[in-house]
Amino acid sequence: MERLILVSNRVTTPEPGNSKRAGGLEVALAPLLKHLESVWFGWSGEVVSADKVRTHSFERPPRRYVVTDLSEEDYQEYYNGFANRVLWPILHYRIDLTEFSRRDLTGYFRVNRHFATELANIVEPDDMIWVHDYHLIPIANELRRRGFANRIGFFLHIPFPAPEVVSVLPNYERLLPLLLDYDLVGFQTEADVGNFTRYLLSEYRGPSRVFEATDGQVVFSYAGRQTRIGAFPVGIDTEEFQKMAARAARSPFVRGVIESLGNRALLIGVDRLDYSKGLIQRMEAFEHFLRLHPSQAGKVTYLQIAPKSRSEIPEYHDLERDVGAAAGRINGALGDVSWTPIRYLNRAYSRSGLAGLYRSACTALVTPLRDGMNLVSKEYVAAQDEKNPGVLVLSRFAGSAHECLGALLVNPYDAESVGSAIATALDMPLTERRERHAASLAKLRENGGSVWIENFLRSLRLAHAGNGLTAEDAEATERPRTRHDEGAAYRR
């Protein structure tokens, strides 16, 4: 019987009485996890001394969890190092924040080998394996080396940049070809698919070709092996979230927040504290709005919720200081004793609590500098009262801009245009708000719930059927030659 093995960097294990807010991956996979027999494998979240690293499993039907610890050295080199100080910034177009060391790259490959070794103990011949995100690019290659011919898919939740940007990645010619050991490589948007395809076309020489399958997906073929490449935008269950928001809006928590505002309009932003989210630029845009529209002083409050993350990484520590300083400066310059323009909080709230706040906010500011998808924008649309919806101000550089058709799209780097969009949103007539919201909601419903998951798994089955490789074939298959290889041969 077919079984699905999910592989991710971090595994959120359910514990009795655990009220922690679900992570983005857990929310995205929720429709699948409710019904399908599966195993979820990944890091336990524990950092221990090297001699105490262990792997253990437990059952929460219909799911089994298998988690492994990391040593302090692994954590610093793999997670804080290569994954989040090299891959994360480059894939978000922030080359200036990249800090590379060969030690961290070695740690990245070492942890992926450890993950593959532990996976090898639980994989059965009929299992499908679905690997998630940039932390684990080498997993398929490590499993193929061990003789596994299973269907293996990879999904990148964050952007894949243009070839000119991704080639800045140190040792990219060693890492990125490993994606071709997967049967299917999935991205959030067609733009990401296009960037990856252009990378393949620019890098690979020899007996390889790119063609379009009958379903429109891209297929890269080399040495008798095929890798499918497709876009699978992560969706949400819009109906479920709308009901949750309607209930939560009546909760004491949300009512207390709204009562504290008096009669002021509520603008809301909810983001992890990360430089990709453009929080400082967003606050400066709000400041621009207030200076351009002084009559709005005291009539609107911007609530920004930004839970801290990766605080051990210096860039994030600096960001925490700079965002707090920006909020303080704006409040000091434009607020008064009876009104604080920006309420800035560094704590997490439950998904239901946020749903109620979304429904109560007349405008959401979702303006990342670059984002693979951004589920907050989708949740805000789903949370609205269809009779009196709010307005979404959305970065054109978020993956969700392709689906939130009624949003006011902005350039997050342009404070003046974002400030103008805020004014437009606050003044927008009810008829236009309804039309815009209806357009966004209809598109989100098309890809709601488990649709993106079903599409990915269907494509993974098709991709594997196109390979027909035995374990021995997989062992013998070499990666295609790249222009880097040709250059090395020429230099020799």
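Residues numbered from 1 in each chain as written. Predicted model: local features only at pLDDT ≥ 70, side-chain atom pairs only at ≥ 80, totals over all residues. Heavy atoms only, no water.

Section: the packing of aromatic side chains
In step 1: Applying the stated criterion across every chain, the model contains 32 aromatic pairs.
In step 2: On the basis of an interplanar angle of 25° and a centroid distance of 6.4 Å, the ring pair of W40 and Y65 is categorised as stacked. Remark: Y65 occurs in strand β4 (residues 63–71) and W40 occurs in strand β2 (residues 38–48); sequence separation between them is 25 residues. The exposure classification of W40 matches that of Y65, with both residues buried.
In step 3: Ring centres of F232 and F456 lie 5.2 Å apart, and the angle between their planes is 70°; on these two criteria the pair is classed as edge-to-face. Of this pair, F232 sits in the loop between β10 (225–231) and α8 (238–248) while F456 sits in helix α16 (residues 451–465); the two residues are 224 residues apart in sequence, bridging distant segments of the chain.
In step 4: Every member of this aromatic cluster is reached through a ring pair, and the members are F41, Y78, F82, F100, Y108, F109 and F115. (Phe/Tyr/Trp six-rings, centres within 6.5 Å; stacked < 30°, edge-to-face > 60°. Helix = DSSP H or I, 4+ residues; strand = E, 2+ residues; numbered from the N terminus. Buried < 20%, exposed > 50% of the residue type's maximum accessible area, 1.4 Å probe, protein only.)

Description of the pattern of salt bridges
In step 1: Summed over all chains, the structure comprises 29 salt bridges.
In step 2: Here R198 makes a salt bridge to E164, at a shortest N to O gap of 3.9 Å. Remark: E164 occurs in helix α5 (residues 163–166) and R198 occurs in helix α7 (residues 190–203); sequence separation between them is 34 residues.
In step 3: Among the residues examined, R198 registers a relative accessible area of 39% and is labelled partly exposed.
In step 4: When the shortest N-O distance is used, the salt bridge between R282 and D271 registers 2.7 Å. Placement of the pair is R282 in helix α10 (residues 279–292) and D271 in the loop between β11 (265–270) and α10, with a sequence separation of 11 residues. The two residues R282 and D271 agree in class, both being buried.
In step 5: Within this structure, D74, E77, R103 and R110 form a network of salt bridges that share partners. (Salt bridge = Lys/Arg side-chain N within 4 Å of Asp/Glu carboxyl O.)

Looking at the side chain of D274
In step 1: Along the chain, D274 turns up in the loop between β11 and α10.
In step 2: When residues no more than four places from it in sequence are discounted, the contact partners of D274 are W88, R310, Y316 and L319. (Contact = heavy atoms within 4.5 Å.)

Focus: the environment of I258
In step 1: Its place among the elements puts I258 in helix α9 (residues 252–260).
In step 2: Here I258 falls in the partly exposed class, since its relative accessible area comes to 29%.
In step 3: Between the C-alpha atoms of I258 and S360, which are 102 residues apart in sequence, the distance is 7.7 Å.
In step 4: Contact partners of I258, with chain neighbours within four places excluded, come to L266 and S360.

Some points on the packing of helix α13 (residues 375–383) against helix α15 (residues 430–446)
In step 1: Interhelical geometry of α13 versus α15 gives an angle of 115° and a closest axis separation of 10 Å. For the crossing formed where α13 meets α15, the hand is left-handed. In this structure, α13 contributes K378, V381 and A382 to the contact, and α15 contributes H437, S440, L441 and L444.
In step 2: Its residues assigned to classes, the contact of α13 with α15 comprises four nonpolar, two polar and one charged. (Axes fitted to C-alpha atoms, helices over the stretch in contact; angles between N-to-C directions. Left-handed = near helix turned anticlockwise from the far one by under 90°. Nonpolar A, V, L, I, M, F, W, Y, C, P; charged D, E, K, R; others polar.)

A short note on the environment of F58
In step 1: Along the chain, the position of F58 falls in strand β3 (residues 55–60).
In step 2: Along the primary structure F58 and T13 are separated by 45 residues, whereas in three dimensions their C-alpha atoms are 9.5 Å apart.

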